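Take a look at the letters that make up each chain.
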Amino acid sequence: MVDNISGGCLCGAVTYSVENKFSAFHFCHCEQCRKISGSSHASNLFAKVDAIEWFSGLDNIKRFDYPNRGFTKAFCGECGSGVPFVSLSGKVLLVPAGSLNESPHLLPEDNIFWVERASWFDKGIYAECFDGFPE
């Protein structure tokens, strides 16, 4: 029996279940991933194309394919949260780790395109930590 984990968008319009059997887990620091995620890096898991079962919101998903590049962002049309999508090649399912409701079995393996990381990233790793907003 395959272990599945659930996921979805922030507003709950898009929901899915995916096999917790990922082939790779990368933190990508390339310029495109920073722009498309609005953060320091994208956290993407890779799985077989047929490893997902959609429960709701398929018609609510928007997709942006970057012109002339094999680069895609799929997101909920209501709240903008990143959601899984099949690569343009059709060979892999990309699952934004932040869209999962539970932790995957696979831990992050590496930081790719490290040379392109944001200039402020290293400083942020060592910044003071709080459980909520600082007082």
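Below is a short write-up of the structure. (Residues numbered from 1 in each chain as written. Predicted model: local features only at pLDDT ≥ 70, side-chain atom pairs only at ≥ 80, totals over all residues. Heavy atoms only, no water.)

## Here we look at the pattern of salt bridges
If the charged atoms of two oppositely charged side chains come close together, the side chains can form a pair.
No. 1: Counted under the stated rule, the structure contains three salt bridges.
No. 2: As a salt-bridge pair, arginine 63 and aspartate 65 come within 3.0 Å of each other at their nearest N and O atoms.
No. 3: Taking relative accessible area as the criterion, aspartate 65 reaches 33% and is therefore assigned partly exposed. (Salt bridge = Lys/Arg side-chain N within 4 Å of Asp/Glu carboxyl O. Buried < 20%, exposed > 50% of the residue type's maximum accessible area, 1.4 Å probe, protein only.)

## Brief notes about the pairing of strand β7 (residues 72-76)
No. 1: Buried residues dominate β7, accounting for four of its five residues.
No. 2: Alignment of strand β6 (residues 61-65) against β7, held across five bridges, turns out to be antiparallel. Note that in β7 the partner of aspartate 65 across the bridge is threonine 72.
No. 3: Where β6 folds back onto β7 in an antiparallel hairpin, the turn is made up of six residues, including asparagine 68, whose phi is positive at roughly 65°. (Helix = DSSP H or I, 4+ residues; strand = E, 2+ residues; numbered from the N terminus. Pairing = 2+ DSSP bridges.)

## A word on the nonpolar core
No. 1: Among the nonpolar cores identified, the biggest contains 13 residues, and Tyr16, Val18, Phe22, Leu45, Leu93, Val95 and Leu100 are the most heavily contacted of them.
No. 2: At the level of elements, β2 (15-19), β4 (42-47) and β9 (93-96) are the ones that each hand at least two residues to this core. (Core = buried A, V, L, I, M, F, W, Y, C linked by side-chain atoms within 4.5 Å.)

## Overview of the pairing of β9
No. 1: Residues of β9 alternate between two faces, with Leu93 and Val95 on one and Leu94 and Pro96 on the opposite face, all of them buried.
No. 2: Two successive antiparallel strands, strand β8 (residues 85-86) and β9, enclose a turn made up of six residues, where glycine 90 displays a positive phi of approximately 80°.

## Quick look at the packing of aromatic side chains
No. 1: One pass over the full model with this rule turns up five aromatic pairs.
No. 2: Look at phenylalanine 25 and phenylalanine 27: their rings are 5.8 Å apart centre to centre, the planes differ by 85°, and that puts the pair in the edge-to-face class.
No. 3: Overall, the relative accessible area of 6% leaves phenylalanine 25 in the buried class.
No. 4: Three or more aromatic residues link up through ring pairs in this structure, and these residues are Phe64, Tyr66 and Phe71. (Phe/Tyr/Trp six-rings, centres within 6.5 Å; stacked < 30°, edge-to-face > 60°.)

## Quick notes on the sheet that holds β8
The strands making up a sheet associate through hydrogen bonds between their backbones, and the pairing can be parallel or antiparallel.
No. 1: Judged by pairing direction, the sheet is mixed, and its five strands sit side by side in the order β8-β9-β4-β3-β10 without closing on themselves. Edge strands, defined here as strands with exactly one partner in the open sheet, are β8 and β10 (110-112).

## Here we look at the sheet that holds strand β1 (residues 4-8)
No. 1: Spatially, three strands are ordered β1-β2-β5 in an open sheet, and the strand pairing comes out antiparallel. The open sheet terminates on both sides in strands that have one partner only, identified here as β1 and β5 (52-56). Taken over all neighbouring pairs, the strand axes of this sheet differ in orientation by 25° on average, direction set aside.
No. 2: When β1 meets β2, the two strands line up antiparallel, connected through five bridges. What sits directly across from serine 6, in β2, is serine 17. (Axes fitted to C-alpha atoms, helices over the stretch in contact; angles between N-to-C directions.)

Purely geometric stuff here, so don't read any function into it on its own.
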